[in-house]
Amino acid sequence: MRLSWRWFLLSSLMSLTFAIALQDRSQVAHSQIEPPSTETLNPQSGPSFILDKTLSGHTSWVNTLKFSPDGSILASGSRDNTINLWNWTSGELIRTLFGHSADVNSLAFSPDGQALASASTDLTIKLWDVNQGILTGTRLGHTFAVHGVTFTPDGQTLASASADRSIILWDVTTERERRTLNWHSSFVWAIAVSPDGNTLVSGGYDNTIRFWRMPNGRRWRSIEGHSSPITAIAFSPDGQTLASASADHTIKLWDVNTGSLKSTLTGHADWVLAVAFSPDGQLLASGGADRTLRLWNVANGSLRTLFNNHQGRVLSVAFSPDGQALASASADQTIKIWRAPQ
């Protein structure tokens, strides 16, 4: 038991290696309508997203965001150990899910939107019934903090990534561990599954990106293009491009089929912590420790828009399924909703 707690403490501390402590303050959940605020850097790209509202309800850093498949719910996970489910269009907090005893680091909706998976520094993955807001199961298999979680497109497998250097594939139906994948030599920070479900990709503190063949998790390819840890990864909607974010202040776009580098996006002045493609694949959103949210043109790698509205590092970004909204989460304890111009 002594060793277990030592590992838990070490995992918790290493999860915050890039963090500067912020003092928590109690907040009542609310939304605030915001005046328009953008800085368009490339007018030829057309009008950019406009700040619509700010959601406040968490009492510490908001680490992760996910829209439900139908776009009706925005889920947020926080360093305050809770998960909030929002009606993001109205700004109403639907409910708060309690159950984790440490940071909620990652969230994933099942493809049918009925279940929500959460990964935490408390070493667990929890499954929740979205409609009822109840805990339906807990998966315990990792020995360090769990930083990433995602469903395969068929909803049959749940993959989790951990600071224990491993990825676990879970059978959703039987609730059992199907296989443990080991290849990284350090913490696994990020994980994603291709839209066709055939490829799993992971990014680690060892500066590498690993490709795995699904459904059995066979090793396929390793890329070493970043000079610092990989903090986030995302597939384009067509599955042909992979975006990787790094502590080296860059974002790289990779050809999934060949593993070759397509372009490097530079501009962030600190760690890049989050990336997300728009549903049409034309835009890439990124968030960083430099407190900025940025929109990039995927075709040519140019910076389209820079947003300076957050007062803390931007930890997560997500587009709504219809592409008409963009959400950003921050260490400033808020979520900002950005609307596409009508």
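The structure presented is a predicted model; accordingly, all values stated were derived computationally and were not measured. (Residues numbered from 1 in each chain as written. Predicted model: local features only at pLDDT ≥ 70, side-chain atom pairs only at ≥ 80, totals over all residues. Heavy atoms only, no water.)

> Just checking my understanding: could you explain the overall build of the protein chain for this structure?
Tallying secondary structure elements over the protein chain gives 1 helix and 30 strands in all. The buried share of the protein chain, reckoned over its 342 residues, is 60%. Residue pairs in contact within the protein chain that sit at least 24 positions apart in sequence constitute 46% of those at least 6 positions apart. (Helix = DSSP H or I, 4+ residues; strand = E, 2+ residues; numbered from the N terminus. Buried < 20%, exposed > 50% of the residue type's maximum accessible area, 1.4 Å probe, protein only. Contact = heavy atoms within 4.5 Å.)

> Help me understand the packing of aromatic side chains, please; the structure alone is not making it clear to me.
Two measures describe an aromatic ring pair: the distance that separates the ring centres and the angle between the ring planes. Inspection of every chain in the model, using the stated rule, returns 9 aromatic pairs. Here Phe49 and Phe319 contribute two aromatic rings whose centre-to-centre distance is 6.0 Å and whose plane-to-plane angle is 70°, an arrangement assigned as edge-to-face. Here Phe49, found in the loop between strand E2 (39-40) and strand E3 (50-56), pairs with Phe319, found in strand E28 (residues 314-319); they are 270 residues apart in sequence, far enough to count as distant. The pair Phe49 / Phe319 is uniform in exposure class, with both members buried. Over the ring of Trp61 we find Arg79, and its NZ or CZ is 4.7 Å from the ring centre. One residue, Arg213, lies across the ring of Trp220, its end atom 3.6 Å from the ring centre. (Phe/Tyr/Trp six-rings, centres within 6.5 Å; stacked < 30°, edge-to-face > 60°. Lys NZ or Arg CZ within 6 Å of the ring centre and 35° of its normal.)

> Is there a simple way to think about the nonpolar core in this case?
A general trend in soluble globular proteins is that nonpolar side chains are found buried together. Counting residues in hydrophobic clusters, the biggest one holds 15 residues, and the most contacted among them are Phe49, Leu295, Val317, Phe319, Leu326 and Trp338. Elements with a contribution of two residues or more to this core: strand E24 (272-277), strand E25 (283-288), strand E26 (293-297) and E28. What Leu295 contacts, discounting residues up to four positions off in sequence, is Ser48, Phe49, Leu284, Ala285, Ser302, Leu303, Arg304, Thr305, Phe307, Phe319 and Leu326. Grouped together as the second largest cluster of nonpolar side chains are 14 residues, Ala245, Leu253, Val298 and Leu303 included. (Core = buried A, V, L, I, M, F, W, Y, C linked by side-chain atoms within 4.5 Å.)

> Is there a simple way to think about the UniProt feature "repeat: WD" (unreviewed entry) in the protein chain in this case?
The positions UniProt marks with the feature "repeat: WD" (unreviewed entry) are residues 55-96, 97-138, 139-180, 181-222, 223-264, 265-306 and 307-342. For residues 307-342, helix accounts for 0% and strand for 53%, while the C-alpha atoms at its two ends are 19 Å apart. (UniProt positions renumbered as here; feature names shortened; annotations may be inferred.)

> How should I be thinking about the pattern of salt bridges in this particular structure?
Once the charged atoms of two side chains with opposite charge are near each other, the side chains can pair. Per the stated rule, a full pass over the model turns up 5 salt bridges. Arg339 is the salt-bridge partner of Asp52, the closest N and O atoms lying 3.5 Å from each other. With a gap of 287 residues between them, Asp52 in strand E3 and Arg339 in strand E30 (residues 334-339) connect regions that are remote in the sequence. Taking the shortest distance from any N to any O, the salt bridge between Asp171 and Arg178 comes out at 2.8 Å. You can call Asp171 buried: its relative accessible area is 17%. (Salt bridge = Lys/Arg side-chain N within 4 Å of Asp/Glu carboxyl O.)

> I keep staring at the confidence of the model for the protein chain and nothing clicks. Help me out?
The share of residues in the protein chain with pLDDT of 70 or more is 86%, and the mean pLDDT across the chain is 90. In the predicted structure, residues 1-13 sits below a pLDDT of 50 and forms 11 contacts with residues beyond four places in sequence or in another chain. Counting interchain partners and residues more than four positions distant, the pLDDT-below-50 stretch residues 16-28 has 30 contacts. (pLDDT = per-residue confidence, 0-100.)

> Please explain the sheet that holds strand E19 (residues 218-223) as it appears in this structure.
Hydrogen bonds along the backbone pair up the strands of a sheet, which may run parallel or antiparallel. Across the sheet, which stays open at both edges, the 4 strands sit in the order E16-E17-E18-E19 with antiparallel pairing between neighbours. With one partner strand each, in any of the chains shown, strand E16 (188-193) and E19 form the two edges of the open sheet. Adjacent strand axes in the sheet meet at a mean angle of 20° when their direction is disregarded. Pairing analysis gives 5 bridges linking E16 to strand E17 (residues 199-204), with the strands arranged antiparallel. Along E17, the bridge assignment pairs Val188 with Gly204. (Pairing = 2+ DSSP bridges. Axes fitted to C-alpha atoms, helices over the stretch in contact; angles between N-to-C directions.)

> Help me understand the pairing of strand E15 (residues 177-182) in this model?
Along a regular strand, successive side chains alternate from one face of the sheet to the other. Here strand E14 (residues 166-171) runs beside E15; their pairing, made up of 5 bridges, is antiparallel. Bridge pairing in E15 places Leu169 opposite Arg179. Taking the residues that link successive antiparallel strands as the turn, the E14-E15 hairpin has 5 residues, and the phi of Glu175 there is positive, at about 65°.

> Is there a simple way to explain the sheet that holds strand E5 (residues 74-78) in this structure?
With antiparallel pairing, 4 strands are arranged side by side in an open sheet as E4-E5-E6-E7. Two strands bound the open sheet, and with one partner strand each, they are strand E4 (62-67) and strand E7 (92-97). Sheet twist, expressed as the average angle between the axes of neighbouring strands with direction ignored, equals 20°.

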